[in-house]
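# Examination of the molecular architecture
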Amino acid sequence: MERLIEMFAVLAFLYLGYVLGIKRWNYASQADREKRRSTLKAKGLSNTFYFIHSTTLFLLTVLSGGTFAFYWIYQQWKAILKGFKRLDGTPLRYGPLVRTLASPITFFTLGNIINHTCEYLRKPVAWPAAWWGTLWLGGLIAIFLPVAGSIRFLGALIFCWGPTAYQRHLNTLPKKSLPKRPKPREIIAALLGLILVVSLFLLLHLVKQS
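### Focus: the overall build of the chain
Summing up its helical and strand segments, the chain has 9 helices and 2 strands in all. In the chain, the succession of α and β elements from N to C terminus is α-α-β-α-α-β-α-α-α-α-α. Within the chain, the proportion of its 210 residues that are buried is 38%. As presented, the chain carries roughly 12700 Å² of accessible surface, and 68% of it is formed by carbon and sulfur atoms.

### Points about a nonpolar patch on the surface
Taken together, the side chains of Leu194, Val198, Phe201 and Leu202 make up a nonpolar region of the molecular surface, amounting to roughly 370 Å² of accessible area. Structurally, Leu202 can be placed in helix α9 (residues 184–209). Judged by its relative accessible area of 47%, Leu202 is partly exposed.

### A look at the packing of aromatic side chains
One pass over the full model with this rule turns up 10 aromatic pairs. Aromatic pair Phe70 and Phe159: ring centres 6.0 Å apart, planes at 45 degrees, arrangement tilted. Here Phe70 is found in helix α4 (residues 68–83), whereas its partner Phe159 is found in helix α8 (residues 149–170), with 89 residues between them in sequence. Residue Phe70 is classed as partly exposed on the basis of its relative accessible area, which comes to 31%. Given a relative accessible area of 3%, Phe159 falls into the buried group. On the basis of an interplanar angle of 65 degrees and a centroid distance of 5.8 Å, the ring pair of Phe107 and Tyr166 is categorised as edge-to-face.

### A few points about the confidence of the model for the chain
Overall, the predicted model of the chain reaches an average pLDDT of 89, with 86% of residues at or above 70. Below pLDDT 50 for its whole length, residues 19–24 participates in 6 contacts with residues either more than four positions away or in separate chains.

### Looking at the side chain of His53
The topology assignment puts His53 in the loop between β1 (45–46) and α3 (54–63). Classification of His53 as buried rests on a relative accessible area of 17%. One polar contact links the side chain of His53 to the main-chain amide nitrogen of Thr55, over a distance of 3.1 Å.

### Structural notes on the pattern of salt bridges
Across all of its chains, the model carries 1 salt bridge by this definition. Across the pair Arg36 and Glu119 runs a salt bridge whose closest N-O atoms are separated by 2.9 Å. Taken as a pair, Arg36 in helix α2 (residues 30–43) and Glu119 in helix α6 (residues 103–120) lie far apart in primary sequence, 83 residues in all. For the pair Arg36 and Glu119, a shared accessibility class is recorded, and that class is buried.

### Considering α6
Counted at 1.5 Å a residue, the expected span for α6 with its 18 residues is 26 Å, and the 25 Å between its end C-alpha atoms agrees. Taking burial as the measure, the 18 residues of α6 include 13 buried ones, the bulk of the element. Positive phi shows up at Arg122, right after α6, with a value of about 60 degrees.

### Observations regarding helix α7 (residues 129–143)
Owing to its 3.6 residues per turn, the α-helix aligns residues three or four sequence positions apart on the same side. Helix length check: α7, at 15 residues, gives a terminal C-alpha distance of 21 Å against a target of 21 Å (1.5 Å per residue), a fit within 8%. Buried within α7 are the following residues: Ala129, Trp132, Gly133, Leu135, Trp136, Gly139 and Ala142.

### Comments concerning the packing of α6 against α8
The contact between α6 and α8 brings their axes to 10 Å, and the two run at 20 degrees. Classified by the angle their axes make, α6 and α8 are roughly parallel. The interaxial crossing formed by α6 with α8 has left-handed handedness. Contacts between α6 and α8 involve Phe107, Gly111, Ile114, Asn115 and Cys118 from the former and Gly162, Pro163, Tyr166, His169 and Leu170 from the latter. In terms of residue class, the contact of α6 with α8 is built from 6 nonpolar, 4 polar and no charged.

Cut-offs used in this document
- Residues numbered from 1 in each chain as written.
- Predicted model: local features only at pLDDT ≥ 70, side-chain atom pairs only at ≥ 80, totals over all residues.
- Heavy atoms only, no water.
- Helix = DSSP H or I, 4+ residues; strand = E, 2+ residues; numbered from the N terminus.
- Buried < 20%, exposed > 50% of the residue type's maximum accessible area, 1.4 Å probe, protein only.
- Areas by Shrake-Rupley, 256 points an atom, 1.4 Å probe, with all protein chains shown as cover.
- Patch = residues over 30% accessible without salt bridge, like charges linked within 9 Å, V, L, I, M, F, W, Y side chains within 5 Å.
- Salt bridge = Lys/Arg side-chain N within 4 Å of Asp/Glu carboxyl O.
- Phe/Tyr/Trp six-rings, centres within 6.5 Å; stacked < 30°, edge-to-face > 60°.
- pLDDT = per-residue confidence, 0-100.
- Contact = heavy atoms within 4.5 Å.
- Polar contact = N/O pair within 3.5 Å; in protein donor to acceptor, adjacent residues only side chain to side chain.
- Expected span 1.5 Å × (residues − 1).
- Axes fitted to C-alpha atoms, helices over the stretch in contact; angles between N-to-C directions.
- Parallel < 35°, antiparallel > 145°, perpendicular 65-115°, else oblique.
- Left-handed = near helix turned anticlockwise from the far one by under 90°.
- Nonpolar A, V, L, I, M, F, W, Y, C, P; charged D, E, K, R; others polar.

This is how it looks when you write it as structure tokens:
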């Protein structure tokens, strides 16, 4: 119970920093705004993303045992790599599959690109990528730790919510609202992910019994 309270305290502290810091960015002059926009363009922006209703993303991630998060990451990189640009013209290295397999590292980069693009277009940004990336990985690790069930459950929720937090901000970019009904390929991806999770669980159970 104490660990659960500590985790909630950390989340509250991070949100307070977000409210008092990034959420309240304000530039005193047009020169400051242009300077910041140039900085964002130098870091890299994308004009293409993968769009899905945030509620649908969260539900599919939960129902797939968390595996849909990696499908989402793959689709985001697939879209971003087509529309990514920065001032010096340097492209992103590696393809969407490699970047998905390296999610513990590339999730931070993905978050930065999403936040930079949203800020450039004057849309609300999510928590800093360093925060969400750490929480996302921490949630995944917590699922497999020999700790109280409540801690593991909270870790699973954080892991499933990480992509959703970014998607909520991405969905402010299109002018039209997104349908909640998932696409057939998204349903298939979630089902395949669930089958994989159940198969691994049964395999581990058989190994323990043998």
